[in-house]
Amino acid sequence: MAYPFRHEKETRILSEYFGDPEARTLDGWKKRGGYQALRKAIEMGRDAVIEEVKASGLRGRGGAGFPTGVKWSFMPKEKTGPSYLLVNSDESEPGAFKDRELIRWTPHQLIEGALIGAYAIQADHVYIYVRGEFFEPAQVVARAIEEAYQNGLAGKNILGTGIDIDVTLHLGAGAYICGEETALMNSLEGRRGQPRVKPPFPAVSGAFGRPTTINNVETLCAVPHIINKGAAWYRGFGTEKSPGTKLFNVSGHVVRRGNYEFPLGFPMHELLYDVCGGIRDGRKLKAVIPGGSSVPILAAEECDINLDYESVIAAGSMLGTASVIVMDDRTCMVKQVRRMVEFYAHESCGQCTPCREGTAWVAKIMRRIEAGLGTEADLEKLVDLSTNMTGTTICVLSDSCAAPVMSSLKKFKDDYLGHIHHGACPVAAAAVA
Ligand SMILES: Cc1cc2nc3c(=O)[nH]c(=O)nc-3n(C[C@H](O)[C@H](O)[C@H](O)COP(=O)(O)O)c2cc1C
Ligand code: SF4
């Protein structure tokens, strides 16, 4: 089956078997080298696995880019009871669509990576938390877990080594906040999906009050490759501080949207104009959100950068999930930011006043401005609210709402002023003219 998103320049490691239905089955996965890394990891021993992952420089692909091996090393060495590895497959960030493809096409790649991770941190149980709307990918994962149990790869005495690791699929109910690690733990426990105050950190007291590590799907999918081929091989891709490959999920106004795997540090210009075929309908680029809706917007003139964690920060944004949202010159920033803000207002869990009240208030002002009923005082209020919503809450959903507001006000103020002074969208008017 032809997978719709391919480019000959890609370095396909995690996504090599996208579109290949046989790779979804255990037999097919084994034929492609599957589960050799799990056996090798157990032969290496727990500490050596953690050291190898540390040496690879693998950084979490769930958004924050925290070093995976270092995170694993936070787990207690002494076992005093059950401990857990949680797989975060909630993927509700607007713009993100990579994890669902990884689990849909290569469920055993994830299960193998999760088993290696669980073995390394001495977790007895892996919970794969999949967003509720991912019905078909979740079924694929459920089948793969069943195959793993039937073939001695999960459950008691895996691979005849005497090691027991259970694997359970858990479906969420489609709340964005349940992707935040501690909200996910609450949701898994059957509680309301609200983030917890840290400390305690999950490695001390996580799911069910026990030591827990949580990793993103893409992070864990990289692990079997690192174990099979070594940290030095992995470091052969990407940059010194951002090693390895990354799935870039590109959406918006490009000719060929899709998931493309490249080494970190790949030039944004090449991604947009070569791989994705340039801006749709021959239009001009207006802005890019490089890492999912939660990160600051870059104006077209800021987009000549490399896509690694450090370079994107230096440009004033963040790589996040590398979910690249492209906007052409017909895009009204007021409308786009209003839509994002409404999303955050809807998804706020309501625990923190700056977030609960701030997201709703910002959304109200944005609606007023878009309708042509705003004033310049509204812009000052937006800055004031966004400032007070940043760094003041339990989790960063509040900051995520403020980021596009602040960056769009700084870089696209004319869009706001057009609405305020002319009572209508200046961009729409220009597109009609
Ligand atoms: C509001 C919010 C939503 C999040 N959603 C996700 C998500 O859907 N998937 C994910 O992997 N991480 C998500 N994260 C990040 C997780 O909290 C956590 O950092 C991540 O799962 C850790 O995995 P990693 O170290 O492999 O990146 C979210 C964070 C916040 C604040
Ligand atoms: S910042 Fe918002 S989403 Fe996060 S805990 Fe507070 S109220 Fe809930």
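Residues numbered from 1 in each chain as written. Chains lettered and ligands numbered in written order. Predicted model: local features only at pLDDT ≥ 70, side-chain atom pairs only at ≥ 80, totals over all residues. Heavy atoms only, no water.

Participant: Would you mind going over the overall build of the protein chain in detail, with residue names and values included?
Facilitator: Regarding its fold elements, the protein chain presents 18 helices and 12 strands. Taken against the 2.2 N^0.38 rule, which gives 22 Å for 433 residues, the C-alpha radius of gyration of the protein chain at 22 Å falls within 12% of a compact globule. Judged by the C-alpha coordinates and their principal axes, the protein chain covers about 75 × 45 × 35 Å. A buried classification covers 56% of the 433 residues belonging to the protein chain. Across the protein chain, contacts joining residues at least 24 apart in sequence account for 69% of those joining residues at least 6 apart. As displayed, the protein chain offers around 17,200 Å² of accessible surface, 53% of which is attributable to carbon and sulfur atoms. (Helix = DSSP H or I, 4+ residues; strand = E, 2+ residues; numbered from the N terminus. Rg over C-alpha atoms; globule rule 2.2 N^0.38 Å. Buried < 20%, exposed > 50% of the residue type's maximum accessible area, 1.4 Å probe, protein only. Contact = heavy atoms within 4.5 Å. Areas by Shrake-Rupley, 256 points an atom, 1.4 Å probe, with all protein chains shown as cover.)

Participant: Can you lay out the site of ligand 2 for me, pointing to particular residues and giving the numbers?
Facilitator: Neighbouring residues of ligand 2: 13 residues in total, closest Cys349, Gln351, Cys352, Cys355 and Cys395. Class assignment of the residues belonging to the shell around ligand 2 gives a composition of eight nonpolar, five polar and no charged. (Near = heavy atom within 4 Å. Nonpolar A, V, L, I, M, F, W, Y, C, P; charged D, E, K, R; others polar.)

Participant: Hey, could you go over the packing of aromatic side chains for me, with residue numbers and the actual values?
Facilitator: Within a pair of aromatic rings, the relevant descriptors are the distance that separates the centres and the angle that separates the planes. For the structure shown, the criterion picks out 11 aromatic pairs. Between Tyr127 and Phe208, the aromatic rings sit 6.1 Å apart at their centres with planes inclined by 45°, giving tilted as the arrangement. You can see Tyr127 sitting in strand β2 (residues 125–130) and its partner Phe208 sitting in the loop between α8 (181–188) and β5 (212–216), a full 81 residues away along the chain. With a centroid separation of 6.3 Å and an interplanar angle of 45°, the aromatic rings of Trp233 and Tyr234 are classed as tilted. Judged by relative accessible area, Tyr234 falls into the buried class, the value being 3%. (Phe/Tyr/Trp six-rings, centres within 6.5 Å; stacked < 30°, edge-to-face > 60°.)

Participant: So what about helix α14 (residues 353–370)? Which residues, and what values?
Facilitator: A rise of 1.5 Å per residue sets the reference length of α14, with its 18 residues, at 26 Å; its end C-alpha atoms lie 25 Å apart and thus fit the reference within 8%. Listed as buried for α14 are Cys355, Gly358, Thr359, Val362, Ala363, Ile365, Met366 and Ile369. Where the residues of α14 are buried, they touch α13 (333–347), α15 (376–388), α16 (397–411) and α17 (413–422). Immediately downstream of α14, the backbone of Gly372 shows phi near 85°, a positive value. (Expected span 1.5 Å × (residues − 1).)

Participant: Residues and numbers for the site of ligand 1, please.
Facilitator: Around ligand 1, 18 residues are found, and the nearest of them are Gly62, Lys71, Glu91, Asn216 and Thr219. Here an oxygen atom of ligand 1 sits 2.9 Å away from a polar atom, N or O, in the side chain of Lys71. Expressed as a share of its isolated accessible area of 620 Å², the protein-covered part of ligand 1 is 88%. The dominant element in the shell around ligand 1, judged by the number of residues it contributes, is β5, at three residues. For the shell around ligand 1, the per-class residue count stands at four nonpolar, eight polar and six charged. (Polar contact = N/O pair within 3.5 Å; in protein donor to acceptor, adjacent residues only side chain to side chain.)

Participant: So what about the domain arrangement of the protein chain? Which residues, and what values?
Facilitator: Here the protein chain is partitioned into domain 1 (21–230), domain 2 (245–328) and domain 3 (333–432). The distance between the C-alpha centroids of domain 1 and domain 2 comes to 28 Å. Taken together, the contacts link 16 residues of domain 1 with 19 residues of domain 2. For the pairing of domain 1 and domain 2, the buried interface totals around 1,300 Å² over both sides, and the portion due to carbon and sulfur atoms is 50%. Considering only the surface of domain 1 that becomes buried against domain 2, Arg61, Phe97 and Lys98 emerge as the three largest contributors, covering 38% of it. Our count for the domain 1 to domain 2 interface comes out at two salt bridges. (Domains from an automatic or database assignment. Buried area = accessible area lost by both parts, 1.4 Å probe. Salt bridge = Lys/Arg side-chain N within 4 Å of Asp/Glu carboxyl O.)

Participant: Provide a residue-level description of the side chain of Asn88, including the pertinent values.
Facilitator: Structurally, the position occupied by Asn88 is in strand β1 (residues 84–89). Polar side-chain contacts of Asn88 include one of 2.7 Å to the backbone oxygen of Gly179. Those residues in contact with Asn88, other than ones at most four positions away along the chain, are Asp99, Tyr129, Gly179, Leu184, Ile214, Asn215, Asn216 and Val217.

Participant: Can you tell me about the pattern of salt bridges, naming the residues and giving the values?
Facilitator: All chains considered together, the criterion is met by 32 salt bridges. A salt bridge links Arg12 to Glu10; its shortest N-O distance comes to 2.8 Å. When sorted by exposure, Arg12 lands in the same class as Glu10, which is buried. We note a salt bridge from Arg100 to Glu91, for which the minimum N-O separation is 2.9 Å. Classification of Glu91 by relative accessible area gives buried; the value is 8%. Linked through salt bridges whose partners overlap, the residues forming this network are Asp20, Glu22, Lys31 and Arg32.

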